[in-house]
Amino acid sequence: MVESDTKLPFSMDSDPPFEETYKTLFENSIEESKINRANQILITCEECELPLIDIGRLSMGELEREECKKEIARASQEWGFFQVINHGVSSEILEDMRSKQMQVFKQPFRLKTNHQYLNLSAGCYRWGTPTATCLSQLSWSEAFHIPLMDISSSGGLPTTLSSTMGQFAATVSDLAQRLVEILAEEMGHKSTFFKEKCLPSTCYIRMNRYPPCPTSQIFGLMPHTDSDFLTILHQDQVGGLQLVKDGRWIAVKPNPEALIINIGDLFQAWSNGVYKSVQHRVVTNQKVERFSTAYFLCPSYDAVIESCVEPLLYRKFSFREFRQQVQEDVQKLGYKVGLPRFLV
């Protein structure tokens, strides 16, 4: 069923006009292709399984519970990524979420670009990379970036989509708060910071589609780290997610039962570098499309991020300041610099 879903045909007018819009980048791609090969930017990676943690053990006896917490902290330190099973999100919700997501993306491109389509805020639908100056900076993907508040308050979302997204959002929000609380405790801090600063009004869901791409020179999503505390990802079985481990890129083997968790920049700063926000990317597929849904645990723009232990690696900064710096770097350089800008 999953395989047939991934091959469900999309009409030509549903795809964003990548080749037309970025025609100049394609024309200049011959020389860039040589550079990419020389630097081995787009290489075939070894596939591996992320650390797999059964968080159902958090409801068991004390020994099982404490060992599970230590595994979560260890994976966050050593990998920055891990998978969880028995996470509380039913397979029915995940399957329904993906089905509704496919229906939304199947609509004509001209309709998706109209913010009245789902009665969402202007700019919620995004595709490509407006700032790209070369193919290696282009992301061959489209996405709906939806604040949690819009899921319940918007009258434009179809009732079934709103209901499915609402169930998904509520469950992963609880899971995210549970995980950050554990990670804080494992550093010796019982903090209310995350519950007070990361609210439905500040967190969001991003529905992603990666259309088939005619060339392997282009990323589905270019290498980056996440500008949040924690990300929870549900992906299909097509594959394409890759991350850096021990200085090399590795491909993440999809697990239909698991959700993927990764540490964001803000948690790396808060933990003073104990928990790792690592580079990751999505590579394209020339034959089939890929879908994923991500939840981002973000604070209010006024929230101040300050390392919880000393000596400090990073100076304190507000989330607004961090976001502004990221946007400035992307505009000037074509890519995000991130946390190195905030080193002491």
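Here the structure is a predicted model, which means the values were calculated and not measured.

**A look at the overall build of the protein**
Step number 1: Of regular secondary structure, the protein possesses twelve helices and 15 strands.
Step number 2: Against the globule reference of 20 Å for 344 residues, the protein gives a C-alpha radius of gyration of 20 Å, in line with a compact fold.
Step number 3: Overall size of the protein, expressed as C-alpha extent along the three principal axes, is 55 × 45 × 40 Å.
Step number 4: Of all 344 residues assigned to the protein, the portion counted as buried reaches 53%.
Step number 5: As displayed, the protein has an accessible area near 16200 Å², and 50% of this comes from carbon and sulfur atoms.
Step number 6: Separation of charge centres in the protein, based on 35 positive and 42 negative side chains, amounts to 3 Å.

**Describing the packing of aromatic side chains**
Step number 1: Evaluated as defined, the whole model comprises 23 aromatic pairs.
Step number 2: Centre to centre, the rings of Phe 18 and Trp 127 are 5.5 Å apart; their planes meet at 80°, and the pair counts as edge-to-face. Of the two residues, Phe 18 is situated in helix H2 (residues 18-21) and Trp 127 in strand E4 (residues 125-127); the sequence distance between them amounts to 109 residues.
Step number 3: Centre to centre, the rings of Phe 109 and Trp 127 are 5.4 Å apart; their planes meet at 90°, and the pair counts as edge-to-face. Highlighted residues: Phe 109 in helix H7 (residues 109-112) and Trp 127 in strand E4, separated in sequence by 18 residues.
Step number 4: Here Phe 109 falls in the buried class, since its relative accessible area comes to 17%.
Step number 5: Joined through ring pairs, the aromatic side chains of Phe 18, Tyr 22, Phe 26, Phe 105, Phe 109, Tyr 117, Tyr 125, Trp 127, Trp 140, Phe 144 and Phe 291 make up one cluster.
Step number 6: Sitting above the plane of the Trp 79 ring, Lys 245 keeps its charged end 5.0 Å from the centroid.

**Concerning helix H12 (residues 319-333)**
Residue pairs three or four apart in sequence face the same way in an α-helix, which turns once every 3.6 residues.
Step number 1: Between the first and last C-alpha of H12 there are 21 Å, a value that for 15 residues agrees with the 21 Å anticipated at 1.5 Å per step.
Step number 2: Of all the positions in H12, only Phe 319, Phe 322, Val 326 and Asp 329 are classed as buried. Buried positions in H12, seen along its axis, are confined to an arc of 95° and lie on one side of it. Summarising the geometry of H12, the exposed residues directed more than 90 degrees from the buried face are Gln 331 and Lys 332.
Step number 3: On its buried face, H12 is in contact with helix H11 (265-270) and strand E15 (317-318).
Step number 4: Phi for Gly 334, located one or two positions after H12, is positive at around 90°.

**So, the state of the cysteines**
Step number 1: Going through the model one piece at a time under the given rule, you end up with zero disulfides.
Step number 2: As a non-bridged cysteine, Cys 45 has Cys 48 as the owner of its nearest cysteine sulfur, 9.7 Å distant.
Step number 3: For Cys 45, a relative accessible area of 14% corresponds to the buried category.
Step number 4: Cys 68 carries a free sulfur, and the closest cysteine sulfur to it, the one in Cys 48, is 20 Å from it.
Step number 5: Under the relative-accessibility criterion, Cys 68 is labelled buried at 0%.

**Structural notes on the nonpolar core**
As a rule of thumb, nonpolar side chains are buried together in soluble globular proteins.
Step number 1: Phe 144 and Phe 229 are the most contacted members of the largest nonpolar core, which totals 95 residues.
Step number 2: Ranked by residues supplied to this core, first place goes to helix H9 (residues 159-185) with twelve residues.
Step number 3: When near neighbours in sequence (up to four residues on either side) are disregarded, Phe 144 contacts Val 104, Phe 105, Lys 112, Tyr 117, Leu 118, Leu 120, Cys 124, Tyr 125, Ile 205, Arg 206 and Met 207.

**Structural notes on the pairing of strand E10 (residues 248-252)**
Step number 1: Counting buried positions along E10 gives four out of five residues, so the element sits mostly inside the fold.
Step number 2: Relative to E10, strand E1 (residues 46-48) runs parallel, the two being bridged by three bridges. Across the sheet, the residue bridging to Glu 47 is Ala 251, located in E10.
Step number 3: Counted along the chain from strand E9 (residues 241-245) to the antiparallel partner E10, the turn is two residues long, and its residue Asp 246 has a positive phi close to 55°.

Analysis parameters
- Residues numbered from 1 in each chain as written.
- Predicted model: local features only at pLDDT ≥ 70, side-chain atom pairs only at ≥ 80, totals over all residues.
- Heavy atoms only, no water.
- Helix = DSSP H or I, 4+ residues; strand = E, 2+ residues; numbered from the N terminus.
- Rg over C-alpha atoms; globule rule 2.2 N^0.38 Å.
- Buried < 20%, exposed > 50% of the residue type's maximum accessible area, 1.4 Å probe, protein only.
- Areas by Shrake-Rupley, 256 points an atom, 1.4 Å probe, with all protein chains shown as cover.
- Lys, Arg positive; Asp, Glu negative; His and termini not counted.
- Charge placed at Lys NZ, Arg CZ, Asp CG, Glu CD.
- Phe/Tyr/Trp six-rings, centres within 6.5 Å; stacked < 30°, edge-to-face > 60°.
- Lys NZ or Arg CZ within 6 Å of the ring centre and 35° of its normal.
- Expected span 1.5 Å × (residues − 1).
- Arc of directions from axis to C-beta.
- Contact = heavy atoms within 4.5 Å.
- Disulfide = S-S within 2.5 Å.
- Core = buried A, V, L, I, M, F, W, Y, C linked by side-chain atoms within 4.5 Å.
- Pairing = 2+ DSSP bridges.

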